[in-house]
Structure formats: C-alpha cells, structure tokens
Amino acid sequence: MKGRIYMEPIYVTKPFLPPIDEYIGYLEKIWECGILTNNGPLHNEFEQKLCSDFGWKNVSLFTNGHLALEVALRVLDLKPGSEIITTPFTFVSTAASIVNQGFIPVFCDIGENCTIDTTQIESLITEKTSAILPVHVYGFPCDVDGIANIADRYNLKVLYDAAHAIGVRVNGRDISSYGDISMFSFHSTKLFHTIEGGALVYNDDKLKTHINLCKNFGISGSETIELVGLNAKMSEFQSAMGLLSLKYLDSIIERRKSIYERYMSNLFGVKGIKIFLADSNYISHNYSYVPVLFENGRDCVYDVLTKNNIFPRKYFYPAISNIDCYKKYLGSNTLDVTASTASQVLTLPIYPTLSLDNVDKICEIVKDAIR
Ligand SMILES: *Cc1c(COP(=O)(O)O)cnc(C)c1O
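Remember, it's a predicted structure, so these values are computed and weren't measured experimentally. (Residues numbered from 1 in each chain as written. Predicted model: local features only at pLDDT ≥ 70, side-chain atom pairs only at ≥ 80, totals over all residues. Heavy atoms only, no water.)

1. Let's talk about the overall build of the protein
Logical step 1: The number of helices and strands found in the protein is twelve helices and 17 strands.
Logical step 2: The globule rule puts the C-alpha radius of gyration for 371 residues at 21 Å, and the 21 Å found for the protein is close to it.
Logical step 3: The buried share of the protein, taken over its 371 residues, is 54%.
Logical step 4: Considering only residue pairs separated by 6 or more positions, the protein has 71% of its internal contacts joining residues 24 or more positions apart.
Logical step 5: Charge centroids of the protein, computed over 34 positive and 41 negative side chains, lie 5 Å from each other. (Helix = DSSP H or I, 4+ residues; strand = E, 2+ residues; numbered from the N terminus. Rg over C-alpha atoms; globule rule 2.2 N^0.38 Å. Buried < 20%, exposed > 50% of the residue type's maximum accessible area, 1.4 Å probe, protein only. Contact = heavy atoms within 4.5 Å. Lys, Arg positive; Asp, Glu negative; His and termini not counted. Charge placed at Lys NZ, Arg CZ, Asp CG, Glu CD.)

2. So, the site of the ligand
Logical step 1: In the vicinity of the ligand lie 15 residues, with G65, D161, H164, S185 and K190 positioned nearest.
Logical step 2: Contacts to the ligand include H164, whose side-chain N or O atom sits 2.7 Å from an oxygen atom.
Logical step 3: A distance of 2.7 Å separates an oxygen atom of the ligand from a polar side-chain atom of S185.
Logical step 4: Coverage of the ligand by the protein chains reaches 93% of its 380 Å² of free accessible surface.
Logical step 5: Contributing elements (two or more residues each) for the shell around the ligand: helix 3 (65–75), helix 4 (93–100) and strand 9 (181–185).
Logical step 6: Residue composition of the shell around the ligand, by class: three nonpolar, ten polar and two charged. (Near = heavy atom within 4 Å. Polar contact = N/O pair within 3.5 Å; in protein donor to acceptor, adjacent residues only side chain to side chain. Areas by Shrake-Rupley, 256 points an atom, 1.4 Å probe, with all protein chains shown as cover. Nonpolar A, V, L, I, M, F, W, Y, C, P; charged D, E, K, R; others polar.)

3. Details of the sheet that holds strand 13 (residues 273–275)
Logical step 1: Strand order across the open sheet formed by three strands is 13-15-17, with antiparallel pairing between neighbours. In the strand order of this sheet, the two ends are held by strand 13 and strand 17 (345–348), each with one partner. Along the sheet, successive strands turn relative to each other by an average axial angle of 30 degrees, direction set aside.
Logical step 2: The pairing of strand 15 (residues 290–294) with strand 17 spans four bridges and is classified as antiparallel. Counterpart to V292 in the pairing with strand 17 is L346.
Logical step 3: The strands touched by helix 9 (residues 298–307) are strand 15 and strand 17; relative to strand 17, the strand with the most contacts, the crossing angle is about 30 degrees.
Logical step 4: Contacting strand 15 and strand 17, helix 11 (residues 336–344) runs over the sheet at an angle of about 50 degrees to strand 17. (Pairing = 2+ DSSP bridges. Axes fitted to C-alpha atoms, helices over the stretch in contact; angles between N-to-C directions.)

4. A short note on the pairing of strand 15
Logical step 1: Counting buried positions along strand 15 yields five of five residues, so the element is predominantly enclosed.
Logical step 2: Every second residue of strand 15 is oriented toward a common face, with V290, V292 and F294 on one face and P291 and L293 on the other, all of them buried.
Logical step 3: For strand 13 and strand 15, the ladder comprises three bridges, and the chain directions are antiparallel. Residue pairing in the sheet places I273 in a bridge with F294 of strand 15.

5. Here's the deal with the packing of helix 9 against helix 12 (residues 356–370)
Logical step 1: Where helix 9 contacts helix 12, the axes come no closer than 9 Å and their chain directions differ by 135 degrees. Our classification of the angle between helix 9 and helix 12 gives oblique. Once helix 9 is placed against helix 12, the crossing between them reads as right-handed. In this structure, helix 9 uses C300, V301, V304 and L305 to contact helix 12, whose residues at the interface are I362, I365, V366, A369 and I370.
Logical step 2: Taken together, the residues of the contact of helix 9 with helix 12 sort by class into nine nonpolar, no polar and no charged. (Parallel < 35°, antiparallel > 145°, perpendicular 65-115°, else oblique. Left-handed = near helix turned anticlockwise from the far one by under 90°.)

6. Things to note about empty space enclosed by the protein
Logical step 1: According to the stated counting rule, one finds one cavity of 30 Å³ or more in the structure shown.
Logical step 2: Looking at the largest cavity, the residues that line it are T13, K14, P15, F16, S188, T189, K190, L191, I252, R256 and P352.
Logical step 3: Class assignment for the residues of the lining of the largest cavity results in five nonpolar, three polar and three charged.
Logical step 4: When residues of the lining of the largest cavity are sorted by domain, at least three fall in each of domain 1 (20–243) and domain 2 (248–370). (1 Å grid on protein atoms, 1.4 Å probe; cavity = no way out; pocket = protein on both sides within 12 Å on 5 of 7 lines; lining within 4 Å. Points joined across faces, edges and corners; volume = space filled by probe spheres on them. Domains from an automatic or database assignment.)

7. Observations regarding the sheet that holds strand 9
Logical step 1: What the seven strands build is an open sheet, ordered 2-10-9-6-5-3-4; its pairing is mixed. The open sheet is flanked by strand 2 (58–62) and strand 4 (104–107), the only strands paired with a single partner. Averaged over all pairs of adjacent strands, the angle between their axes in this sheet comes to 25 degrees, without regard to strand direction.
Logical step 2: Lying over the sheet, helix 4 contacts strand 3 (83–86), strand 4, strand 5 (129–133) and strand 6 (157–161), oriented at roughly 140 degrees with respect to strand 4.
Logical step 3: Packed on one face of the sheet, helix 7 (residues 207–214) meets strand 2, strand 9 and strand 10 (198–202) and runs near 5 degrees to strand 2.

As structure tokens, this is what we get:
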C-alpha cells in the first residue's frame, strides 16, 4: 500500500501520562490542604523522594529547566562577563542561559558521541574563561573524568546541562555526581516530567540558600529581601506529576530500552546509517532519544517519514553556532563534527506506548528511503 499508511500520526515523543485517578488523588490532597505553591507539602515530598531514589545530596526544584540553568550560572560565583566553554550541539536553552546571564559562550566542537570534545577544550581556555557548560546530549554522558581533570588544572567551574540525562549512571554513580551543579529538565517532552519543571542537583550544601533565594525573588523573611531574584518555583501540581512520574520511572525506562533495542536490531550495521550504542560496561542509559546519523540524504528520509505520518525531529539542527543571534560568538575555531552531525541527524520516535511493530515499520521506511 502506497501513501499514508498510518491513521494516527507518530510523533518523536508523546508525554507520559499517569492513570488519571492517581493524579486526581493528589488533586484531592491539594484541595484539602489549600497550598498550591511556595514549598508546599508535595514539593517537599518530591524533593525528598528524588534525593532518596537517586542518592542526590541536594536538590532544588524549579518551574522549568531553563530558569534552573540561569540560576546555576548566578550562584557559581563566576566573574561577570567571563567566557564559558560550551557545546553548540544542544537545545538553544544552553547558550541562551549563558548570554542572558551576561556571559560569553565559547563553542567547542563535539566528538564521537555528540558530546563536547574534551581534547579541544584546553585550546579554547583564555584568562577570561570561568566555567565549562557541557551537555549530556541525548543522555549520552560527557567525558566526565576528562572534564574534571581540565577543570581542576585551570580552576574552572563545571555546570552540566543534564536535561536529557535523568537516571543515567556512569561508573556506578548517578550522573549528577560529576561537576559542581547538574541541571535536569522535567519538561513534558522529556522522559521524566512534571508538565513543566526542572531541578538543580549539587553536592555543596552552601549553595542551597543562595539557589533557593534566587528562585523566590530573594525573599528570606516576611520583611527581608536579600538579593535581586526571580520567580522560578515549582508548584504543587507540578510536584504531584513528578511524584507519579517517579513511581513509573523504572517501567518507563524499561519500556524505552526495548524500543531502543528494536531500533538497534533493525538499523545497526546498515550501510549509510549510524545508530549509537547506548549502554556499555560503565554506562547505564535512560534511552531518552534515538538519534540516528545518515551519511547521505537525511532530509529525504525526513520527508519520506513525514509523508507517512511519522514525525521525527532534526535535533539538533541548526547547531547553535549557526543561528543568527548566536553567530557572533563563533570565533575562529572550527566545528567540523558539529556541522556534519547537525546535517545528518534525525531523532526517531520513542515513547512507552509506541509499539515494536511500529518501530519495525519506521525502520523499513527509513531503509527504503536511503536505498
Ligand atoms: C529541554 C532542555 C532544556 C531546558 O529545559 P526546559 O525545562 O524546557 O526549560 C535545556 N537544555 C536542554 C539540552 C534541553 O533539552
């Protein structure tokens, strides 16, 4: 059968929704107690549960991941206007947080697994550099040991954009145990969500007061304001969704794993296609995205899929260094791997209710398209 073979469109993702009765159960608690936001009981329960489930020492919850990143940049005590080395192969939020906070992004090329190429960081360090902001893109861990080594030698702070990396473990440790602060996004399109939301995770207890002041206007008492803050608090409704997402997280990851493996068995080793090995001896993955690189004809594959009512995304195209309002930060350094990856990548659909049959169909269409 030619033409549209699906009645229902298949998007790159579909937000997780818990059984509605369970959410209503939380709504009843909110109604009973009358607290909707500002460190309510569900917010506090969610923080504690996150710490115990992931072994986090400190967490601060936010109304979205982006504001969490901006607050992290404020509390790291970086020299105003200094340079921050980052990756151009990410969602625009990463670079936007740097510019919005008055810093200068310095783009470093990416390596094999689409994360920042550690071997190129040192050549970008100047006397103005204050921090490194790498991204565990697609949940693939950065070279965390290499980055720690450089940061130690040059006395730089490390803020990880771990928006995609909830639940990922490296060397048996939660991924947020690396770097000074890690930011997780809990946006609906992420595998673990609170509708909109995000978190900062950090080991240094001394950061807690500053972070929490920043997200609530700098208010420390009914008549005292300590600093010029912003409003980035997580509400009780978001926290309720978070508690339910947490309850189902293991089964969500389990299901995504079988989908990812199905893509692997269909596409691994196919000429002209690169699909990434997610797990290894020292990485346990969360299968948050299925990025696939097409040596040739990425746009053609995209068009054929969308004609079949399947909607992958070109995450992350264009690279940030190619977006007009960020181009001026691109120095003389070359970003060859970034350029080729951005022009070759498609992220294919993955979400718990996607059937393995549909994965097979998507792969058939993909293979047909490149033949
Ligand atoms: C989603 C995302 C963010 C921002 O998170 P929001 O919760 O949507 O504000 C930041 N960085 C990356 C890489 C992301 O994918």
